[in-house]
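Coordinates in review
Letter by letter, the chains look like this.
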Amino acid sequence: MAFLMRSLAKWHQNYVAHELQKFGLKFDDILNEADPDVDLAVQRLTPEELSNRNKRLMRAMDISAKHCELTPEAQLAVKPMEGYLQIDRARQERLEKLMYK
C-alpha cells in the first residue's frame, strides 16, 4: 500500500510541476496568502524576490487569459518545485510565540 501511495504522490507532483511550468510559476507562488505562515514568509522576501514573484504571477494571469502556454524553452528554464519562501521558519516562529503566551 505504501508503494502505491508513494507512486501516486510522485505522479501527482510531476503533474503539478508540469502544469506550473506551462505558466512559468513556482509552487510557492500558488500558496494561499491567507495562511498566516505564508503571509509572513511573503512579507520577509527581499524586494527583488517579491518583484520576481509578482512578475511570475502577472505573466501567468496574462498567459491564462490568452489561453496559451510559455514556449518550450521558457518552460525548461522554470524549476517549479524549487521553493523560495521560508514557510517552515515562519511556522516555527508562530508556534513558539503561541507556546510562550
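Residues numbered from 1 in each chain as written. Predicted model: local features only at pLDDT ≥ 70, side-chain atom pairs only at ≥ 80, totals over all residues. Heavy atoms only, no water.

**Describing the pattern of salt bridges**
Counted according to the given criterion, the structure contains 11 salt bridges. Linking Asp29 and Arg56 is a salt bridge whose minimum nitrogen-to-oxygen distance equals 2.7 Å. Note that Asp29 is positioned in the loop between helix 1 (2-23) and helix 2 (36-43) and Arg56 in helix 3 (residues 47-65), a separation of 27 residues in sequence. Like Arg56, Asp29 is buried. Asp88 is the salt-bridge partner of Arg91, the closest N and O atoms lying 3.7 Å from each other. Taken together, the residues span about one helical turn, with Arg91 and Asp88 both in helix 5 (residues 87-99) at a distance of 3 residues. Looking at Asp88, the relative accessible area reads 60%, which means it is exposed. Beyond isolated ion pairs, a larger network of salt bridges with shared partners links Asp37, Asp88, Arg91 and Arg94. (Salt bridge = Lys/Arg side-chain N within 4 Å of Asp/Glu carboxyl O. Helix = DSSP H or I, 4+ residues; strand = E, 2+ residues; numbered from the N terminus. Buried < 20%, exposed > 50% of the residue type's maximum accessible area, 1.4 Å probe, protein only.)

**Focus on the confidence of the model for the protein**
Interpretation of this model should avoid reading the predicted coordinates in detail wherever pLDDT is low. Chain-level statistics for the protein give a pLDDT mean of 93 and a share of 100% at 70 or above. The lowest-confidence element of the protein is helix 5, averaging 91 in pLDDT; the highest-confidence one is helix 3, averaging 96. (pLDDT = per-residue confidence, 0-100.)

**Digging into helix 2**
Of all the residues in helix 2, the buried ones are Asp37, Val38, Ala41 and Val42. Looking straight down helix 2, one finds that the buried residues subtend no more than 135° of arc, so they occupy a single side. Considering only its buried residues, helix 2 is in contact with helix 3 and helix 5. (Arc of directions from axis to C-beta. Contact = heavy atoms within 4.5 Å.)

**Side note on the side chain of Arg53**
Looking at the element boundaries, Arg53 is found in helix 3. When sequence neighbours within four positions are dropped, the list of residues in contact with Arg53 reads Asp28, Asp29, Leu31, Glu33, Val42, Leu45 and Tyr84.

**Re the environment of Gln21**
Among the structural elements, Gln21 can be located in helix 1. Distance in space between the C-alpha atoms of Gln21 and Pro72 is 9.2 Å, their sequence separation being 51 residues. Ignoring sequence-local partners within four residues, the contact set of Gln21 consists of Leu70, Gln75, Val78 and Pro80. Side-chain polar atoms of Gln21 contact the backbone oxygen of Val78, separated by 3.2 Å. (Polar contact = N/O pair within 3.5 Å; in protein donor to acceptor, adjacent residues only side chain to side chain.)

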